[in-house]
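The lines below spell out each chain.
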Amino acid sequence: MALLGALSLSEIVTRIAAVLIYAALQGALFAALARLLGDARPQNEGRLTVNPFAQVSMWGLIAGVFFALTWIRPVRYEARAMRFGGWGLLLVVAFSLVLMLVVVPLADLLRPALLLLPRTAGYAALYVLNQFQTIAVGSVILNCIPVPGLAAGALLQLGWQGHERRFERLVPIGLGLVFAAIVAGLIPNPASSVLPYLRAV
């Protein structure tokens, strides 16, 4: 309850919006790059879409609202169907995360257009944009941790081929540990340190 009290209603609403935008873009990137390399499984499972509700994780949404760090629902891949096999999976994960980082400074190009909106709407949209950039940067870095349930955790599937159900049982455990580490302050959001460098590129 203390965490909830520390956030204003506008912060809660804008963070929810920012998490949904992040989830929509990140999930679509993973699925699109997987399809490009020959893996149609994410597409067949409805992940090749910018519909945020097909991508968002409920626990990731909660973490995003309270701590500005989030993750999407795990994307399931078929590495054997990809060009380059396991290396293809590595390319999908790495390039998708890098592309999300590229989107962050490009989003600044929207600021002049948002300022043309009516004052209240414009300020609200700018606030969502700021929250999106903060959440996106922190979440990309978070998802580089190879834990089941996070983006880089998909690489661990290479050692569990033929045992997918066993691997999927590790996902809630991995995400539970990540969530606990975030709550304990062991995983802070580094966006305030990283964002200035991205904008300077």
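As a convention, each chain's residues are numbered from 1 in the sequence order in which they are written. In keeping with the model being predicted, local features are shown solely for residues with a pLDDT of at least 70 and side-chain atom pairs are shown and tallied solely at 80 or more, while totals for entire chains, interfaces and linings include all residues. Side-chain measures here rest on the full set of heavy atoms in the structure, leaving out hydrogens and waters.

A few points about the packing of aromatic side chains
Two aromatic rings, drawn from Phe, Tyr or Trp (for Trp, its six-membered ring), form a pair once their centres lie within 6.5 Å of each other, and the interplanar angle then sorts them: stacked below 30 degrees, edge-to-face above 60, tilted otherwise. Applying the stated criterion across every chain, the model contains 3 aromatic pairs. With a centroid separation of 5.4 Å and 70° between ring planes, the pair formed by Trp-59 and Phe-179 is classed as edge-to-face. Within this pair, whereas Trp-59 is found in helix α4 (residues 58-67), its partner Phe-179 is found in helix α8 (residues 164-183), the two being separated by 120 residues in sequence. Three or more aromatic residues joined by ring pairs make a cluster, and in this case those are Trp-59, Phe-66, Phe-67 and Phe-179. Per the convention used, a helix needs a DSSP run of H or I reaching at least four residues, while a strand needs a run of E reaching at least two, with both numbered from the N terminus.

A look at the side chain of Arg-15
Within the fold, Arg-15 resides in helix α2 (residues 9-36). Relative accessibility under 20% of the residue-type maximum defines a buried residue, over 50% an exposed one, and the middle range a partly exposed one, all with a 1.4 Å probe and only protein chains included. We score Asp and Glu as negative and Lys and Arg as positive, and we do not count His or the chain ends. Whenever Lys or Arg places a side-chain nitrogen within 4 Å of a carboxyl oxygen from Asp or Glu, that contact is recorded as a salt bridge. Although Arg-15 lies buried, it forms no salt bridge, and the closest oppositely charged side chain, Glu-11, sits 5.2 Å away as judged by the N-O distance. Counted as a polar contact is a pair of N or O atoms within 3.5 Å, where, for protein atoms, one must be capable of donating a hydrogen and the other of accepting one, and residues adjacent in sequence contribute only when both atoms are in side chains. From its side chain, Arg-15 meets the backbone oxygen of Phe-66 in a polar contact 3.5 Å long. In this view, Arg-15 contacts Leu-7, Gly-64, Val-65, Phe-66, Phe-67, Ala-68, Gln-131 and Ile-135; residues no more than four positions away in its chain are not counted. Whether two residues touch is decided by their heavy atoms; if any such pair falls within 4.5 Å, the residues are in contact.

Quick notes on the packing of helix α5 (residues 86-106) against helix α7 (residues 119-142)
Simply put, an axis is a line fit to the C-alpha atoms, just over the touching stretch for a helix, and the angle between two N-to-C directions goes from 0 to 180 degrees. Relative orientation of the contacting elements α5 and α7 amounts to 155°, with a least axis distance of 10 Å. Viewed along their axes, α5 and α7 adopt a mutual orientation that is roughly antiparallel. Crossing hand, α5 versus α7: left-handed. Residue-level inspection shows Leu-97, Met-100, Leu-101, Val-103 and Val-104 of α5 in contact with α7, the latter providing Phe-132, Gln-133, Ala-136, Val-137 and Val-140. The residue makeup of the contact of α5 with α7, split by class, is 9 nonpolar, 1 polar and no charged. Throughout this description, any angle smaller than 35 degrees is read as roughly parallel, any larger than 145 degrees as roughly antiparallel, any in the 65 to 115 degree range as roughly perpendicular, and the remainder as oblique. In this scheme the crossing of two helices becomes right-handed for a clockwise turn of the near helix relative to the far one and left-handed for an anticlockwise turn of less than a right angle. In this classification, the charged set is Asp, Glu, Lys and Arg, the nonpolar set is Ala, Val, Leu, Ile, Met, Phe, Trp, Tyr, Cys and Pro, and all remaining amino acids, among them Gly, are polar.

Some points on the nonpolar core
The biggest cluster of nonpolar side chains holds 40 residues, and the ones touching the most others in it are Tyr-22, Phe-30, Tyr-77, Val-92 and Phe-132. Of all elements in the fold, only α2, α4, α5, α7 and α9 (191-200) reach the threshold of two or more residues within this core. At 9 residues, the largest contribution of residues to this core is made by α2. The residues contacting Tyr-22, other than those within four sequence positions of it, are Thr-70, Ile-72, Met-100, Phe-132, Ala-136, Ser-139, Val-140 and Asn-143. Only buried residues count toward a nonpolar core. Its members are Ala, Val, Leu, Ile, Met, Phe, Trp, Tyr and Cys residues joined through side-chain atoms within 4.5 Å. Judged by nonpolar contacts, the second largest core, of 12 residues, contains Ala-63, Leu-69, Val-147 and Val-178.

Structural notes on the pattern of salt bridges
Per the stated rule, a full pass over the model turns up 9 salt bridges. Measuring nitrogen to oxygen at the nearest pair gives 2.8 Å for the salt bridge that ties Arg-76 to Glu-45. In this pair, Arg-76 is assigned in the loop between α4 and α5 and Glu-45 in the loop between α3 (41-44) and α4, connecting sequence segments 31 residues apart. Here the salt bridges do not stand alone but share partners, grouping Arg-41, Glu-45, Arg-76, Glu-78, Arg-80, Glu-164 and Glu-168 into one network.

Quick notes on α4
Those residues of α4 lying buried are Gly-60, Leu-61, Ala-63, Gly-64, Val-65 and Phe-67. One or two positions beyond α4, positive phi appears at Ala-68, with a value near 60°.

Quick look at the side chain of Gln-55
Relative to the assigned elements, Gln-55 resides in the loop between α3 and α4. Since its relative accessible area comes to 0%, Gln-55 is described here as buried. Within the structure, the side chain of Gln-55 is placed 2.7 Å from the backbone oxygen of Arg-47, a separation counted as a polar contact. Those residues in contact with Gln-55 that lie beyond four places of it in its chain are Ala-23, Ala-24, Gly-27, Ala-28, Arg-47, Thr-49, Ile-72 and Arg-73.

That's the geometry; what it means functionally is another story.
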